[in-house]
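Each chain, letter by letter, is given below.
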Amino acid sequence: MTNLVVMAKPKVKFILTKLKSKEFISYCSAINQAIDEEMALDKSVFVIGGETKMFGSLAGLEEKYGVERVITTPISEDATTGLVLGAALSGLRPIQVHIRVDFLLLAVNQVINMISTATFASDGKVKCPILIRAVVGRGWGQGYHHSKSLHGLFAQIPGLKLIMPTTPNDAKGMIKQAIKSNSPVICLEHRWLYWQEEELLNDFSGIDYGVPGKIQSGGDVTVIASSWMNVEASLAAKILSDKHDISVDLFDIRSTESLNNLTEVYDSIRKTGRCIIGDNDWLSSGLSGEITYHIQKNCLGDLTTSIERVGFKGTPCGTARHLEDEFYPNAFDIVRCVEKMAGVGPCAFEEYKLFSHETKFKGPF
Amino acid sequence: MTNLVVMAKPKVKFILTKLKSKEFISYCSAINQAIDEEMALDKSVFVIGGETKMFGSLAGLEEKYGVERVITTPISEDATTGLVLGAALSGLRPIQVHIRVDFLLLAVNQVINMISTATFASDGKVKCPILIRAVVGRGWGQGYHHSKSLHGLFAQIPGLKLIMPTTPNDAKGMIKQAIKSNSPVICLEHRWLYWQEEELLNDFSGIDYGVPGKIQSGGDVTVIASSWMNVEASLAAKILSDKHDISVDLFDIRSTESLNNLTEVYDSIRKTGRCIIGDNDWLSSGLSGEITYHIQKNCLGDLTTSIERVGFKGTPCGTARHLEDEFYPNAFDIVRCVEKMAGVGPCAFEEYKLFSHETKFKGPF
Amino acid sequence: MKNIEEVIGKHSDSVRGRLVESVAMITKCEDLIVQHYNENQMKTPMHMSVGDESCVAGVVECFREDSYFFGYYRTHSLYLAVARDPYKFFAELLGKKTGSNGGIAGSMHMSSVADGLLNTSALVASTIPLSLGAALSNRLLKEKSYSVVFFGDGAIEEGVFHETLNMAAFFKLPILFVCLDNGLAVDLKGEARQGFKSIKNLVEGYKCEYVFSDNPTVNEAYGAAVQAKRLLSECGTPVFLHMGYYRYLQHIGIGDDFSETNASTFEKRNYRSLELHKKYLKKHPLEVAVSEMVAAGWEKSDVEKSIDRIADITLKAYSKALGDQFSSYGEAEGKVYFD
Amino acid sequence: MKNIEEVIGKHSDSVRGRLVESVAMITKCEDLIVQHYNENQMKTPMHMSVGDESCVAGVVECFREDSYFFGYYRTHSLYLAVARDPYKFFAELLGKKTGSNGGIAGSMHMSSVADGLLNTSALVASTIPLSLGAALSNRLLKEKSYSVVFFGDGAIEEGVFHETLNMAAFFKLPILFVCLDNGLAVDLKGEARQGFKSIKNLVEGYKCEYVFSDNPTVNEAYGAAVQAKRLLSECGTPVFLHMGYYRYLQHIGIGDDFSETNASTFEKRNYRSLELHKKYLKKHPLEVAVSEMVAAGWEKSDVEKSIDRIADITLKAYSKALGDQFSSYGEAEGKVYFD
Ligand SMILES: Cc1ncc(C[n+]2csc(CCOP(=O)(O)OP(=O)(O)O)c2C)c(N)n1
Ligand SMILES: Cc1ncc(C[n+]2csc(CCOP(=O)(O)OP(=O)(O)O)c2C)c(N)n1
Ligand SMILES: [Mg+2]
Ligand SMILES: [Mg+2]
């Protein structure tokens with residue numbers, strides 16, 4: 001296996017295996033920095049969850065801020081989420097962590113019934129500054145209880161904000177913003193993105209995360225991706241460029257707020273006439289349909305072909321490696337989809353390797 | 001208030017206030033009959049829930065089948081849903097009832113993590129015959145904890161089947177089929193539909209509920225509606241016909257299975273060139289986006305104008321009556337939407353009245 | 001002989017006076033609801049507090065100054081005891097802009113953030129864990145000292161109650177769990193739902209103190225709360241205050257199970273007896289509170305005069321609220337997110 | 001002197017023989033996993049059973065014929081005790097079509113429907129309430145008599161445990177709740193999570209019998225299960241069987257906290273002492289089981305020969321499974337819905 005680095009626009013690098021460069025910092029460390037900086041600034045920020053290591057993203061915080069501000073709870077997701085709401089309503093700024101988003105389903109009554117309505121219910125009088133971080137698992141047989149994505153589910157609920165940063169810079173900037181937000185934010189972090197590295201910005205002020213992130217520019221086909229699918233799409237873009245001289249305009253739907261601000265995407269489609277959505281979730285009644293709605297509403301006449309999408313297969317995720325491989329969409333699927341749209345024949349993939357997480361982690365998790 | 005009956009195709013009548021006809025039977029009684037008939041046929045069918053009256057839809061069953069088969073539980077939605085799964089895996093056919101779908105959110109770990117995966121996990125060896133019925137509340141200040149719809153949420157999850165019958169005949173036929181199904185089914189029943197009446201079929205065999213229901217035929221605009229929105233759409237169709245001589249082809253998305261079988265809808269759109277989706281749910285990342293995806297994929301060249309949609313406003317549902325009225329989409333909204341599409345001016349609505357549930361129920365619920 | 005005017009007046013510092021005042025205000029507001037509900041102006045599902053006035057007024061009085069409060073859908077007594085504002089109360093029930101929650105919340109979700117009543121919920125048990133967060137806030141920010149949450153006996157059947165009690169005990173958080181036990185969940189008696197030996201037994205499995213007060217007068221309820229408060233500050237554990245009371249009306253709405261005149265919403269299932277009902281009819285919390293005042297040396301006519309004054313204030317509040325504007329959806333829409 | 005061949009053979013009716021056989025099979029399978037896991041053929045997150053073999057084997061032996069079983073993600077001992085099929089076991093861990101669950105489930109979700117092991121789950125506490133449904137099925141369909149669910153001590157912190165216990169006690173369902181208490185949840189000790197006085201105290205709040213068995217030998221575990229079964233049939237209540245055991249390895253994976261050779265996944269947090277570990281190293285369930293056989297009159301060499309035979313069967317099963325085909329996604333896809 002070669003060290004395959006997919007270059008995106010200069011600023012962003014998707015690192016498919018670890019790159020040992022000093023100036024670069026990982027997604028995981030970027031999250032750690034974001035939380036550390038905000039905790040240092042504001043004593044009302046605290047972290048709570050059943051597992052307060054979170055794959056290293058909380059490293060050092062307990063030592064620095066004490067167990068009063070980095071709180072490990074009993075295995076009680078529902079009550080902990082209620083706690084977080086009560087804390088937010090009484091002046092604190094909780095960051096709740098879930099080592100898998102699947103576990104958040106035990107607390108969905110609090111999230112959907114209670115948290116999403118708290119400010120509205122008070123006639124706008126009370127802040128609800130909650131950040132819920134949850135990891136999207138994948139690989140090594142995690143299977144159907146440890147690998148859901150669920151952003152499509154939470155994206156349905158008014159009163160919640162949803163973010164899913166893909167790049168280290170976005171992870172840092174968006175999480176800092178989320179901690180400062182006075183409304184509840186759910187942050188979904190793909191486990192594999194933790195290893196992405198990037199040169200970090202010094203200043204995150206003034207960045208608008210309510211629009212899609214621009215991963216790379218191109219003129220032949222517009223691709224809109226979420227979470228890990230941005231990495232697959234980047235590889236797809238490289239293949240398409242190498243093999244077919246097709247250039248991809250790639251957008252990262254990094255927040256649900258972006259759905260209201262797709263102007264750049266529409267402009268792109270007016271140029272390319274073609275659009276593919278790569279969603280790191282089940283397709284049915286999810287984010288991909290929502291994006292489709294907005295695009296056809298705004299670009300109906302510009303589309304030279306129907307909007308296509310790739311996403312999880314419509315089954316639970318099986319545990320055996322070969323089942324996982326077929327369950328998840330990848331760069332090759334995107335390439336094939338573009339080839340069909342563009343009416344060119346299928347290229348060979350021999351030179352390219354998909355990211356193998358097993359160079360990063362093997363069992364047990 | 002006049003007795004406003006919207007006539008659809010001959011067989012189906014939406015009764016907006018009670019119609020006192022002998023041959024007609026209500027949606028509520030249709031459900032009751034379906035369950036009664038199946039319980040009589042099969043001793044493994046039982047009903048369980050925290051509230052086993054369910055607005056009359058379970059009337060008489062406890063007396064007839066005893067408390068061993070009509071079981072009232074403590075207020076423990078989560079454990080009860082787990083019970084239902086354990087029962088299904090060991091040979092029973094549970095029907096779980098929730099007086100509001102909002103309460104089902106307390107049991108979503110069981111529904112989404114456990115129930116939806118049980119058959120798959122067993123390598124297809126074990127049946128999972130579960131019917132979960134939940135009522136969608138509306139009106140008289142039920143507010144944000146008693147009036148969610150959530151079909152878009154459950155429609156995302158593979159391994160679950162979702163039905164939402166609109167007509168009494170569908171309620172009976174689909175619930176009978178769901179009880180006989182060996183896979184889990186979630187049935188969402190809009191509270192206001194309980195008063196709909198219809199002449200009941202004798203025989204439900206051979207009806208395919210995996211395609212949209214046809215509410216009425218027309219040639220100018222295709223409308224696809226879910227649950228209560230079919231009633232609003234029927235009224236809209238009448239107004240459009242009266243006022244603009246515009247005829248509506250109206251489809252009822254009565255099950256998520258229908259999403260895979262939209263051929264008739266595509267044919268309709270090829271004829272009308274116009275499509276509106278009326279969804280009784282929040283719009284964001286829900287069923288309306290999904291339907292949009294399929295339509296643009298199959299009818300891109302046939303659409304003369306972009307697909308439009310009406311649904312819940314993007315807020316929690318406030319309790320005051322005037323807040324409710326603005327939160328919910330109605331027939332007039334659909335009419336205005338069609339008028340814009342068709343390029344005709346807005347008609348007057350004076351002669352028409354929207355359904356007022358207050359002629360049916362007033363406080364406290 | 002004390003001057004009742006003085007005790008009930010806004011700036012009175014007499015606990016007894018404030019207690020009877022709270023009970024009277026709740027009673028008079030509930031009376032008005034019963035009188036006017038069928039006029040269909042208050043389009044909100046009412047879970048009436050009739051019966052729990054003493055319990056709630058007593059506890060709130062004791063914890064008012066230094067606590068955050070959480071409640072459930074039976075909000076009326078809690079809202080009125082905490083916020084003491086019948087005008088905002090009725091405006092809310094009427095869906096008016098001037099309501100406690102701008103008409104957005106209605107009967108089941110009233111709150112009064114400024115007074116520390118942070119949230120109530122129409123979902124059984126769902127505010128119980130919120131008490132943990134407020135207690136944590138007290139520990140870190142030190143703005144208040146206690147966290148008090150009210151819930152019904154049925155809420156104990158929800159798992160989150162146990163998760164919360166475990167966490168409260170484990171983290172040694174001074175939370176007062178007030179269980180308002182009317183022995184009913186809708187119309188199911190405890191014996192039709194409970195697999196535990198007793199609430200006391202259950203709670204005592206945890207590192208938590210237990211205080212029981214059965215059908216207290218408002219002064220007894222206050223006394224129980226004082227005892228609970230002492231335990232909270234001395235033991236470093238949560239305290240479970242178990243209070244029995246009689247629910248006069250049906251689970252929801254203004255009907256009762258016996259009289260013919262009141263509109264009855266819930267099917268009458270004969271889940272309780274007329275004898276018991278008659279017994280309690282003679283012991284309505286307000287009447288009991290008045291007797292207590294008289295026994296403590298107040299002049300009955302003075303007490304009654306003050307209650308009349310409260311009735312008057314309450315009625316005026318209702319009338320004023322009736323004339324207010326409805327909130328607009330446009331405004332409400334802007335309140336989904338705080339920023 | 002009994003002939004061990006006879007006792008361990010497939011048709012043996014000797015409980016003692018079957019008990020040691022179960023323990024041996026679990027042990028040998030786990031040994032093979034430890035040997036081969038780092039070859040990366042078994043791509044599934046292993047939660048090893050090393051330490052709980054006696055508890056699980058004892059309970060299963062007693063309930064095998066007339067019960068439904070549910071487990072959690074620590075499935076190995078339960079699957080092997082119930083299904084006794086090392087071939088399907090390894091095929092599952094290897095992701096093969098021939099696995100117990102066709103390779104779909106992996107280590108955390110193994111089941112054996114035909115043998116009554118209906119479901120296991122990677123979500124803490126999530127199969128606990130399923131036991132209620134099987135008990136109800138037993139009441140209505142009478143195919144089996146009991147419902148047995150295994151879970152860890154951490155599961156008690158989830159609310160659903162309490163909801164389930166309440167319902168089981170209320171409906172008088174003969175459910176055996178088997179708490180496999182290793183005193184740890186990942187690497188958190190009980191004292192770092194529990195706000196209750198003791199598990200016994202907590203459980204005894206319910207109308208439920210409580211049986212405790214600390215670090216039992218497999219025969220002691222069987223004895224405790226027999227006692228529990230008697231209580232189940234006599235008392236008409238659920239029974240909580242609390243079994244203590246020592247977890248030899250880390251929470252997950254094949255590493256332990258002390259040796260240098262084993263790959264260690266979880267950070268070593270010094271949550272337990274080397275002394276304790278050394279003490280238990282001398283008391284591995286299989287060795288203890290062998291000693292018990294010998295003490296009961298079996299010839300040591302016979303016992304060892306039989307265990308060797310099991311080791312051999314197990315190894316052959318592993319090798320055979322290694323050669324099997326992977327399941328195909330196309331087939332798996334068709335198994336999402338039963339119809
Ligand atoms: C989570 C949830 N489940 C069910 C209901 C329906 N419900 C409303 S009130 C109630 C009874 C609650 O009884 P209790 O807690 O004793 O309070 P009380 O009404 O007696 O004051 C039930 C089951 C609900 N509102 N929320
Ligand atoms: C609902 C849920 N929450 C959290 C987790 C993460 N988790 C996995 S195992 C575990 C510890 C459970 O401890 P215990 O129940 O004692 O079982 P043991 O592993 O000790 O056998 C936790 C917290 C999970 N899998 N599911
Ligand atoms: Mg009660
Ligand atoms: Mg444990």
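Keep in mind the model is a prediction, meaning the values are calculated, not measured.

Q: Lay out the coordination of the magnesium ion (ligand 4) with the relevant residues and their values.
A: Residue and element names in this part refer to chain D. Coordination of the magnesium ion (ligand 4) by the protein comes from Asp153 (OD), Asn182 (OD1) and Leu184 (O), over a distance range of 2.0 to 2.1 Å. Counting residues between consecutive donors of the magnesium ion (ligand 4) along the chain gives the motif D-x28-N-x1-L. Here Asp153 is found in the loop between β3 (146-152) and α7 (159-170), whereas its partner Leu184 is found in strand β5 (residues 184-185), with 31 residues between them in sequence. Taken as a pair, Asp153 and Leu184 share a single burial class, namely buried.

Q: Account for the interface of chain B and chain C, with residues named and values stated.
A: With 32 residues of chain B at the interface, the matching set in chain C holds 39 residues. Between chain B and chain C, the buried area comes to about 2,900 Å², and carbon and sulfur atoms account for 63% of it. One can count one salt bridge joining chain B with chain C. Inspection of the chain B/chain C interface yields eleven residue pairs in polar contact (both at pLDDT 80 or more).

Q: Go over the site of ligand 1 with me, naming the residues and quoting the values.
A: Among the 20 residues in the neighbourhood of ligand 1, the closest are listed as Glu77 of chain B together with Tyr73, Arg74, Asp153 and Gly154 of chain C. Looking at what sits near ligand 1, you find residues from chains B and C. The separation between a nitrogen atom of ligand 1 and a polar main-chain atom of Ala122 of chain C is 2.9 Å. Between ligand 1 and the protein, one listed contact pairs a nitrogen atom with a backbone N or O atom of Val124 of chain C at 3.0 Å. Taken by itself ligand 1 offers 580 Å² of open surface, and the protein chains cover 92% of this.

Q: Account for the site of ligand 2, with residues named and values stated.
A: Close contacts around ligand 2 come from 20 residues, with Glu77 of chain A together with Tyr73, Arg74, Asp153 and Asn182 of chain D the closest. More than one chain approaches ligand 2, the contributing ones being chains A and D. Tyr72 of chain D is positioned such that a nitrogen or oxygen atom in its side chain is 3.1 Å from an oxygen atom of ligand 2. Asp153 of chain D has a polar side-chain atom sitting 2.7 Å from an oxygen atom of ligand 2. Across the complex, the protein chains shield 92% of the 580 Å² of accessible surface that ligand 2 would expose by itself. When grouped by side-chain class, the residues that make up the shell around ligand 2 number twelve nonpolar, four polar and four charged.

Q: Would you mind going over the coordination of the magnesium ion (ligand 3) in detail, with residue names and values included?
A: Residues and elements named next belong to chain C. The coordination sphere of the magnesium ion (ligand 3) contains the protein donors Asp153 (OD), Asn182 (OD1) and Leu184 (O), at a distance range of 2.0 to 2.1 Å. By relative accessible area, Asp153 is classed as buried at 2%. Leu184 gets classed as buried once you look at its relative accessible area, which sits at 9%.

Q: Got a sec to walk through the environment of Asp220 of chain A? Specific residues and values, please.
A: Residue and element names in this part refer to chain A. Within the fold, Asp220 resides in the loop between β11 (213-216) and β12 (221-225). According to the relative accessible area criterion, Asp220 is partly exposed, its value standing at 27%. Along the chain, Asp220 and Gly273 lie 53 residues apart, while their C-alpha atoms are 7.9 Å from each other. With near-sequence residues (within four places) excluded, Asp220 lies in contact with Asp245, Ile246, Ser247, Thr272 and Arg274. Of note is the side chain of Asp220, whose polar atom sits 2.6 Å from the backbone nitrogen of Ser247.

Q: Explain the interface of chain A and chain B residue by residue, including any values.
A: Many authors give the size of an interface as the accessible area that is lost as the parts come together. The partner chain B presents 46 residues to the 46 residues of chain A that form the contact. Overall, the association of chain A and chain B removes approximately 4,100 Å² of surface from exposure, summing both partners, and the carbon and sulfur fraction of that is 61%. It is Gln156, Ser285 and Tyr293 of chain A that lose the most area in chain A upon contact with chain B, and together they represent 15% of the buried surface on that side. Among the salt bridges present, the one from Lys297 of chain B reaches Glu308 of chain A, with a minimum N-O distance of 2.8 Å. Remark: the boundary between chain A and chain B carries 22 residue pairs in polar contact (both at pLDDT 80 or more). If you list the elements that add at least two residues to the side of chain A that touches chain B, you get α5 (108-114), α6 (118-121), α7 (151-154), α11 (287-299) and β15 (308-312) of chain A. A total of eight residues in the side of chain A that touches chain B trace back to one element, the largest contributor, which is α11 of chain A. Partitioned by chemical class, the residues of the side of chain A that touches chain B number 21 nonpolar, 19 polar and six charged.

Q: Account for the sheet that holds strand β6 (residues 93-98) of chain B, with residues named and values stated.
A: All names here are of chain B. Ordered in space as β5-β4-β6-β7-β9-β8, the six strands form an open sheet in which the pairing is parallel. Taken across any chain shown, the strands that pair with only one partner, and hence form the sheet edges, are β5 (70-72) and β8 (161-163). Strand after strand, the sheet turns through a mean of 20° between neighbouring axes, direction not considered. Sheet topology places β6 next to strand β7 (residues 131-136); four bridges connect them, and they run parallel. Considered in β7, the bridge of Ile95 is made with Leu131. Packing against the sheet, helix α3 (residues 77-89) makes contact with β4 (45-49), β6 and β7, and its axis sits at approximately 160° to β6.

Q: Before we move on, could you go through the pairing of strand β4 (residues 175-181) of chain D and cite the residues and values that matter?
A: Residues and elements named next belong to chain D. Burial of β4 is extensive: seven of the seven residues sit out of reach of the surface. Residues Ile175, Phe177, Cys179 and Asp181 of β4 are buried on one face, and the alternating residues Leu176, Val178 and Leu180, pointing to the opposite face, are buried as well. Here β3 runs beside β4; their pairing, made up of six bridges, is parallel. Its bridge partner being in β4, Phe150 is matched across the sheet by Val178. Taken together, β3, α7 and β4 constitute a β-α-β crossover, and its handedness is right-handed.

Q: Residue-level account of the sheet that holds strand β15 (residues 308-312) of chain B, with values.
A: All names here are of chain B. In spatial order, the strands read β11-β13-β12-β14-β15; together these five strands make up an open sheet with mixed pairing. The outermost strands of the open sheet, each flanked by one partner alone, are β11 (213-216) and β15. Taken over all neighbouring pairs, the strand axes of this sheet differ in orientation by 20° on average, direction set aside. Of the strand pairs in this sheet, β11 and strand β13 (residues 248-252) are connected by three bridges, and their pairing is antiparallel. Within the sheet, the bridge partner assigned to Lys214 lies in β13 and is Phe251. Helix α9 (residues 229-244) contacts β11, β12 (221-225), β13, β14 (275-282) and β15 of the sheet and is inclined by roughly 175° relative to β13.

Q: Which residues make up the relation of the copies chain A and chain B, and what values go with them?
A: Overlaying chain A with chain B gives an RMSD of 0.0 Å, the required rotation being 180° about an axis along which the chain moves by 0.0 Å. The superposition of one copy onto the other is thereby described by a two-fold rotation axis. Residue Gly289 of chain A of chain A places its C-alpha closer to the rotation axis than any other residue of that unit, at 2.1 Å. With an isologous cut-off of 70% or more, the 100% of interface residues of chain A that recur at the interface of chain B puts this contact in the isologous class.

Q: An account of the domain arrangement of chain A is requested, with residue identities and associated values reported.
A: Residues and elements named next belong to chain A. For chain A, the domain assignment lists domain 1 (4-199) and domain 2 (213-359). The straight-line distance from the C-alpha centre of domain 1 to that of domain 2 is 25 Å. Every contact between the two is made by 39 residues of domain 1 and, on the other side, 33 residues of domain 2. Across the domain 1 to domain 2 interface the summed buried area is about 3,200 Å²; carbon plus sulfur atoms make up 64%. Our count for the domain 1 to domain 2 interface comes out at one salt bridge. The residue Asp170 makes a salt bridge to Arg254 at a minimum N-O spacing of 3.1 Å. The interface formed by domain 1 and domain 2 includes 14 residue pairs in polar contact (both at pLDDT 80 or more). Mapped by element, the contributors of at least two residues to the side of domain 1 that touches domain 2 are β1 (5-7), α7, β8 (161-163) and α8 (168-180). Per-element tally for the side of domain 1 that touches domain 2: the top contributor is β8, with three residues. When the residues that make up the side of domain 1 that touches domain 2 are grouped by side-chain class, the tally is 19 nonpolar, 15 polar and five charged.

Cut-off values and rules
- Residues numbered from 1 in each chain as written.
- Chains lettered and ligands numbered in written order.
- Predicted model: local features only at pLDDT ≥ 70, side-chain atom pairs only at ≥ 80, totals over all residues.
- Heavy atoms only, no water.
- Donors = N, O, S within 2.8 Å, 3.2 Å for Na, K, Ca; no water.
- Helix = DSSP H or I, 4+ residues; strand = E, 2+ residues; numbered from the N terminus.
- Buried < 20%, exposed > 50% of the residue type's maximum accessible area, 1.4 Å probe, protein only.
- Contact = heavy atoms within 4.5 Å.
- Buried area = accessible area lost by both parts, 1.4 Å probe.
- Salt bridge = Lys/Arg side-chain N within 4 Å of Asp/Glu carboxyl O.
- Polar contact = N/O pair within 3.5 Å; in protein donor to acceptor, adjacent residues only side chain to side chain.
- Near = heavy atom within 4 Å.
- Areas by Shrake-Rupley, 256 points an atom, 1.4 Å probe, with all protein chains shown as cover.
- Nonpolar A, V, L, I, M, F, W, Y, C, P; charged D, E, K, R; others polar.
- Pairing = 2+ DSSP bridges.
- Axes fitted to C-alpha atoms, helices over the stretch in contact; angles between N-to-C directions.
- Right-handed = clockwise from strand over helix to strand, strands pointing away.
- Least-squares fit on C-alpha atoms with pLDDT ≥ 70 in both.
- Domains from an automatic or database assignment.

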